[in-house]
Amino acid sequence: MDSLRDAWARAYGNSGEEFVILLLPLACTVFVLLSAWTHIVDTHRTGSLLTSFGLSARVASASLWPAMLLIAGGCASCMAIDSIMKGNPGLLSFFGDPPWAFVLIAGIPASGLVLAGWTHRALEAAEGRAIEIQIPPICEGCGYDLTHLPQDQLCPECGLAVDSSLEPLIRRPGSDWERRGSIGSLLRTVGELILSPRAFYGRLQLRTPVNGIGRFESLQLLAIGIGAAVWLLAVFLRLRGKDSHIPVQVFFFPFAFGLIIPFVGWGLHRLLTAVIVSHWVWQRALPNFAWARKVFCYESAFLWIFCLFNGIFFTTIFLGGLWLSGLTKEMLGQRPLYVFGIPPEPLTVLVGNFILCGLWVWRYYIALAAIRWSNF
């Protein structure tokens, strides 16, 4: 970006207005296309992927206006805070310089979550006008059409009893969360999803309405945000007890990370799901991709594993002083260990999260094998 700006300055002078005018349409186009792609799981059901992408793009382009308002509000807030701080040196010394950085640290993820909620509501309205897809009764072992077979026979393709595919209580009693919607059922569902995804998706009913299932994802993000804020607040209180010289303004960060962590998790989940669902659509893996939407919402529970891994790692560093470089120095005679020029701490975070992403992809394909054919 610096080289582009320098080239622009050499050609047109040092004024930045023309550069912004050039960059803004490009940024808006990238925003619409990326947002449309990551929302394919919400709009695509069957038929042409381009039609579903067009619907997602129309909703994403409508999101440009609230996005612009949020950006304008953030800029106005930063300028107002900067003006207030300059007139009050006491506040400036408390918050540090620049004070408007606090607005950006919390405001960007907060605005992103607000925009995500707005887009989700718009997509739900678009979903309500979608045509219901009619699928004949199929064998849940191989997908064979069972329309003209009596229940006391076996599937001619795979030998599975027909009644086991046509009786919901035999194979697919459904999700405890969808039946009850209580806190207890939420906790049980999260535990089943994390510990036994194959069994959970094998019992999941796929042809029930999908609109209400979005609440499961929203509750996961809300709980993760609250948990992150409480966890970090406890860490900072412990650090403050060890060292009273730690500035008071660091207690702003638990609040900020209570917004940042759900926003990052939401974005990672969306991006990963867009790649996976695009592959499923290319393979024509499902007769109705509303089923993929259910998997997407339920798989938000796996974000807890990411939070647990990163939370334990960074808490150990902050509270215990257990730097991996310190351990490797002792093991290797005070010689620091670098892998491809990367210190051990960020390398551990990168490799650990990369492995977790791989596990997440694997879980999606476990889910696909369990939901590919369903009558309920």
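Residues numbered from 1 in each chain as written. Predicted model: local features only at pLDDT ≥ 70, side-chain atom pairs only at ≥ 80, totals over all residues. Heavy atoms only, no water.

Visitor: Please provide a residue-by-residue account of the overall build of the chain, values included.
Guide: From N to C terminus, the chain includes 18 helices and zero strands. Out of the 376 residues belonging to the chain, those deemed buried represent 37%. A sequence separation of at least 24 residues applies to 71% of the contacts in the chain between residues at least 6 apart. Approximately 20800 Å² of the chain is accessible, and the part contributed by carbon and sulfur atoms is 69%. (Helix = DSSP H or I, 4+ residues; strand = E, 2+ residues; numbered from the N terminus. Buried < 20%, exposed > 50% of the residue type's maximum accessible area, 1.4 Å probe, protein only. Contact = heavy atoms within 4.5 Å. Areas by Shrake-Rupley, 256 points an atom, 1.4 Å probe, with all protein chains shown as cover.)

Visitor: Pulling in residues and values, what's your account of the confidence of the model for the chain?
Guide: With 74% of its residues at a pLDDT of 70 or more, the chain has an overall mean of 78. Below a pLDDT of 50 lies the segment residues 327-334, which in the model reaches seven contacts outside its immediate sequence neighbourhood of four places, other chains included. (pLDDT = per-residue confidence, 0-100.)

Visitor: Tell me what's going on with the state of the cysteines, and back it up with residues and numbers.
Guide: Going through the model one piece at a time under the given rule, you end up with zero disulfides. In this structure C158 is not part of a disulfide, and its nearest cysteine sulfur, from C139, lies 3.4 Å away. Judged by its relative accessible area of 40%, C158 falls in the partly exposed class. (Disulfide = S-S within 2.5 Å.)

Visitor: Account for the packing of helix 14 (residues 252-283) against helix 18 (residues 344-371), naming residues and giving values.
Guide: It is the contact of helix 14 with helix 18, at a shortest axis distance of 11 Å, that shows an interaxial angle of 45°. Classed by the angle they form, the pair helix 14 and helix 18 counts as oblique. Crossing hand, helix 14 versus helix 18: right-handed. Taking contact as the criterion, the partners of L268, H269, L272, T273, I276, H279 and W280 in helix 14 are, on helix 18, C357, W360, V361, Y364, Y365 and L368. Across the contact of helix 14 with helix 18, the residue classes break down as 10 nonpolar, three polar and no charged. (Axes fitted to C-alpha atoms, helices over the stretch in contact; angles between N-to-C directions. Parallel < 35°, antiparallel > 145°, perpendicular 65-115°, else oblique. Left-handed = near helix turned anticlockwise from the far one by under 90°. Nonpolar A, V, L, I, M, F, W, Y, C, P; charged D, E, K, R; others polar.)

Visitor: Now, about the pattern of salt bridges: what can you tell me, with residues and values included?
Guide: If you walk through the whole model with that rule in mind, you get nine salt bridges. Residue D176 is joined to R179 by a salt bridge in which the shortest nitrogen-to-oxygen separation is 3.7 Å. With D176 and R179 both in helix 10 (residues 176-180) and three residues apart, the pair spans about one turn of that helix. Judged by relative accessible area, which is 48%, R179 ranks as partly exposed. The salt bridge partner of D176 is R188, with a shortest N-O separation of 2.7 Å. Of the two residues, D176 sits in helix 10 while R188 sits in helix 11 (residues 183-195), which places them 12 residues apart along the sequence. (Salt bridge = Lys/Arg side-chain N within 4 Å of Asp/Glu carboxyl O.)

Visitor: Lay out the packing of aromatic side chains with the relevant residues and their values.
Guide: Across all of its chains, the model carries 10 aromatic pairs by this definition. When the ring of F263 is compared with that of W266, the centres are 6.3 Å apart and the planes differ by 15°; the resulting orientation is stacked. One end of the pair, F263, and the other, W266, are both in helix 14, three residues apart, so they sit about a helical turn from each other. The exposure class assigned to F263 is partly exposed, which follows from its relative accessible area of 26%. Accessibility expressed as a relative area gives 17% for W266, which makes it buried. Among the aromatic residues, ring-to-ring pairing joins W177, F200, Y201, F216 and Y298 into one connected group. (Phe/Tyr/Trp six-rings, centres within 6.5 Å; stacked < 30°, edge-to-face > 60°.)

Visitor: Before we move on, could you go through unusual backbone geometry and cite the residues and values that matter?
Guide: Even without being a glycine, R284 presents a positive backbone phi close to 55°. By secondary structure assignment, the location of R284 is in the loop between helix 14 and helix 15 (290-298). Judged by its relative accessible area of 74%, R284 falls in the exposed class.

Visitor: Give a detailed account of the packing of helix 15 against helix 18, specifying residues and quantitative values.
Guide: Where helix 15 contacts helix 18, the two axes come as close as 11 Å, and the packing angle between them is 135°. Classed by the angle they form, the pair helix 15 and helix 18 counts as oblique. In this structure, the crossing between helix 15 and helix 18 has a hand that is right-handed. On helix 18, the residues touching W291, V295 and F296 of helix 15 are Y364, A367 and I371. Partitioned by chemical class, the residues of the contact of helix 15 with helix 18 number six nonpolar, no polar and no charged.

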